[in-house]
Amino acid sequence: MSEAPKKIAIDPNLIGDNAPSVLPSEDPAILGSATLYPLDPVQVRTYQTFTLEYVVGPLGIDDTGGIRIAWRTVSDAGKCQFTDPSAANYVTAHSTGEGRLVLSYEKNGGQRPWGEILTIRQVGGYLRPGDKIIVTMGDRTHGSPGMLMQTFAQAGREYRIMADVQATGNFAPLENGTICVPVVPGPEVRWRAVTASLRRPNEPFILGLKAEDTWGNPTDQARATLRLEADMPIENLPSEVVFDGGTRGVTIENLSVAKEGTLRIRAYIGDLQVAEAGPLIIRNGDVAGYWGDLHGQSGETIGTGSIEDYMTFARDLAFLDVTSHQANDFQIKPAFWDHLNDLTARLDEPNRFTVFPGYEWSGNTAVGGDHNVFYRHEGSTLRRCSHALLEDRQDADTDAHTLTDLYRDIRNSGEDAVLYAHVGGRYANIHYDHDPILETSVEVHSDWGTFEWILTDGFELGRRVGVVANSDGHKGRPGASYPGISEFGAYGGLTCFLAAQNDRDSIFEAMRRRHHYATTGCRLGMDVTGELSDEGTLYLRNPDAEKDAETHPVTQMQMGDIVQTAEGSVRINVAVQAASGIERIELRRGAEIIETLRPYTETDLGNRVRVMWSGAEYRGRGRNSRWMGRADLTAADIQHLEPINRWNPERPLEQRGSSQVIWDSVTTGNIVGMDLWLNDIAGHCNLTTNFGDLSVDLQTLGLASVSQKLGGLDRRLTVTRLPDAALPREMSFTREVQLNETGDTPIWISLTTEDGHQAWSSPIYLFH
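Just so it is clear, the structure is predicted and the values come from calculations on it, not from any experiment. (Residues numbered from 1 in each chain as written. Predicted model: local features only at pLDDT ≥ 70, side-chain atom pairs only at ≥ 80, totals over all residues. Heavy atoms only, no water.)

Caption draft 1: Structural context of the sheet that holds strand β2 (residues 42-43). Taken in spatial order, the six strands line up as β2-β12-β11-β5-β8-β7 in an open sheet, and their pairing is mixed. Both edges of this open sheet fall to β2 and β7 (100-106), since each of them pairs with a single strand only. Bridging between strand β11 (residues 154-164) and strand β12 (residues 172-184) involves seven bridges; their strand directions are antiparallel. In the strand pairing of β12, M162 is matched with P173. (Pairing = 2+ DSSP bridges. Helix = DSSP H or I, 4+ residues; strand = E, 2+ residues; numbered from the N terminus.)

In structure tokens:
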């Protein structure tokens, strides 16, 4: 067989990894060569067979030496196995030389970013130059269906081939030894329509349209004509859009509406509505709303795909207004930092697509933990926590080993920067240090889960920060980041920036004043304002750090504002317009829930019962809680079941018989569950899980939910009764909130929608 062409998806000179610096020879051919076939594109979540043919180089391979195939850590493809030839992911290997081959597999056994490794060792003899090792991944000879592919599309799934020819344990990558197989989306299963949430009359906005496969990949397989209808006249909106089987997404630009109102745009195929965009609130005012996901990585570090693909997805397939790239600092090569700065400068387009240069300062939790760093301008200094994966140490003198060092160095440099504290692998340690000017917000949601505690813990410390949500995605899908079946357990978040316009200066000012709200990935309109009877003092910067901060007299305030007042209470006005029905809004004062408000009353309750499970193990990396559960109804039958936040369709959440549901799912601080429409509200709903049980008398279930804590980090079961019909999608209210006598009074809301999404406003901070 002739050698298939090798393909490289990412420039290897930009990838931050730490290959062995000591090699058997200066001549890379000494390690041998490898061919992988076939290299044709494969569809996500299909079974495939690949053959690797390795030719031993001039040194041969000594006894206990061998080769290694490595894949990126971020992978949810099938795990190699060697014991059951009829099962999926069966791998075999043989050689043309003497001895035998021993195979081993580790999901996280390699060095970042090549964590997944298949090792083939030569034992009981040696291999001569020119001998071959043939590895069959997904060997179908004895009934195996093949190797199961990953859930996410990728320009090239990388197979990195390494060899240890001298049996030293030092596996070095072959020359041209990274071989790529394109992974493409599956057929469409749903349509998405995306637009803005807040614009002023005659202000431009876009409409984004796409089809997604089962796993959330925008797919180019869809063939359809979408007919568009809107609630209000829209300038430049076409009546229909054609998908021709080669298009992943369509963006319609320069749309506008002349009058105030609430706009929703519906997409139809024939008479069937397949998607809806909005709500888009058209309202005169000082600000509009711009959606961003500012936190994700690509294949130049721990993620997948190139930085160019990452940015293209953000703009053209997630339809974002604002983005950034946040690579782990200890993995950023100088060449990649330069490339990133060049790219953000080229892609930044004021009033259309704002792009910030930045990175993730990835210090250990003990010395501050993960923090996102965003620069307003290119050319700023990359201040790493360390050079852990970088052999080039020419700029090691710029390292900031602790969060305190980072704050000091940025302040002393005069560089224009904003920082977020976030929770990923190394969660931010807000008890370690805090800069009230630089660190403006905390990330309460990402692919890693939901973390309200990083905000509420800060109240006791006097922190005045806003809330943001991002994906922290590693699969190159900023703004629409599905978890697949990997360690990520939630859909990625979004932040809506309330700014005068969509450019770097305006977005940075919104970040510094905490004028934004966060969601678990939905786009909704949220307005939270405060009113005082007498004038208070608004601080444009946190007076904890700037005693001479600019101030203005105000009686009106918006989310994120810091206001000093002599009054004992404040009037809070809340208005929400969502894409899905509103289940509840919690009005909060610090960590306290003052009131839970719903857009329905007890007389509206029907035969719908919502069962949810939520929480995490603890705050660190291993926070995932694996739920094995069962719901049994003692006197009612299930007429319909609707899963909520079932991000992994391969895990069961299904009805068994007329009165039982079983599930196997993961929560990472977020909420997962189901709605059950019953034939009657009678008897008990008995929930049995591996963490604990809950029994609820359905006849006594009113407006208030019944909840049971089950250890861990706020791990719990919750049962709620809801109306049968879809819930209202708009809600507003006004409340008078008493202020604390001393210290801050942070006032904010948490919102949960019918489809399982959540949203949070940045707090208004009032003090005497």
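From this point, things continue past the structure.
Caption draft 2: Region of interest: helix α2 (residues 334-347). Between its first and last C-alpha, α2 extends 20 Å over 14 residues, near the 20 Å set by a 1.5 Å rise per residue. Looking at α2, one finds that the buried residues are F336, W337, L340, N341, L343 and T344. Projected down its long axis, α2 shows its buried positions confined to an angular sector of 165°, all on one face. Along α2, the residues that are exposed and aim more than 90 degrees away from the buried face are D342 and R346. Considering only its buried residues, α2 is in contact with α1 (307-316), β23 (354-356), β24 (358-361), β25 (371-375) and α5 (504-512). (Expected span 1.5 Å × (residues − 1). Buried < 20%, exposed > 50% of the residue type's maximum accessible area, 1.4 Å probe, protein only. Arc of directions from axis to C-beta. Contact = heavy atoms within 4.5 Å.)

Caption draft 3: Examining the pattern of salt bridges more closely. Applying the stated criterion to the full structure yields 52 salt bridges. Among the salt bridges present, the one from R315 reaches E349, with a minimum N-O distance of 2.9 Å. With R315 in helix α1 and E349 in the loop between α2 and β23, this pair connects stretches of sequence that are 34 residues apart. A single network of salt bridges, built from pairs that share partners, joins E452, E583, R584, E586, R588, R608, R610, D675 and E754. (Salt bridge = Lys/Arg side-chain N within 4 Å of Asp/Glu carboxyl O.)

Caption draft 4: Examining unusual backbone geometry more closely. That bond from Y37 to P38 is cis: its omega, 0°, falls within 30 degrees of zero. The topology assignment puts P38 in the loop between β1 (33-37) and β2. Each neighbour pair has its own omega, and for R112 with P113 the value is 5°, a cis peptide bond. Checked against the element boundaries, P113 lands in the loop between β7 and β8 (116-123). Positive phi values are uncommon outside glycine, yet N176 reaches one of about 55°. Secondary-structure assignment places N176 in strand β12. Even without being glycine, F319 reaches a positive phi, approximately 60°. For F319, the position within the fold is in the loop between α1 and β22 (322-324). Judged by its relative accessible area of 2%, F319 is buried.

Caption draft 5: Fine view of the state of the cysteines. Applying the stated criterion to the full structure yields zero disulfides. With no disulfide of its own, C80 lies 17 Å from the sulfur of C180, the closest cysteine sulfur. By relative accessible area, which is 8% here, C80 ends up buried. Counting only cysteine sulfurs, C522 is the nearest neighbor of C496, a cysteine outside any disulfide, at a range of 11 Å. By relative accessible area, C496 is classed as buried at 1%. (Disulfide = S-S within 2.5 Å.)

Caption draft 6: Spotlight on α5. For α5, a buried count of seven out of nine residues is recorded, marking the element as mostly surrounded by other parts of the structure. For α5, the set of buried residues is R504, S506, I507, F508, A510, M511 and R512. Just downstream of α5 lies R514, where phi reads positive at about 65°.

Caption draft 7: Representation of the packing of aromatic side chains in the model. According to the stated counting rule, one finds 19 aromatic pairs in the structure shown. Between W337 and Y359, the ring centres sit 5.7 Å apart and the planes meet at 85°, which makes this aromatic pair edge-to-face. Of this pair, W337 sits in helix α2 while Y359 sits in strand β24, and the two are 22 residues apart along the sequence. Of the two residues, W337 and Y359, both sit in the buried class. A residue is classified by how much of its surface remains accessible, and Y359, at 0% relative accessible area, is buried. An aromatic cluster is built from F50, W71 and Y159, whose rings are joined through pairwise contacts. Here the basic side chain of R45 rests over the ring of W215, its NZ or CZ set 5.7 Å away from the ring centre. Seen from the ring of F171, R68 lies directly overhead, with NZ or CZ sitting 4.0 Å from the centre. (Phe/Tyr/Trp six-rings, centres within 6.5 Å; stacked < 30°, edge-to-face > 60°. Lys NZ or Arg CZ within 6 Å of the ring centre and 35° of its normal.)

Caption draft 8: Spatial organisation of the nonpolar core. The biggest cluster of nonpolar side chains holds 73 residues, and the ones touching the most others in it are Y359, L406, M526, V570, I572 and L766. In terms of residue count, α1 provides more of this core than any other element does, five residues in total. Not counting residues within four places of it along the chain, the set of residues in contact with V570 comprises G530, E531, L532, M557, R735, E736, V737, L739, I747 and L766. With 38 residues, the next largest nonpolar core counts L52, I69, V91 and L103 among its residues. (Core = buried A, V, L, I, M, F, W, Y, C linked by side-chain atoms within 4.5 Å.)

The analysis is restricted to geometry; functional conclusions fall outside its scope.
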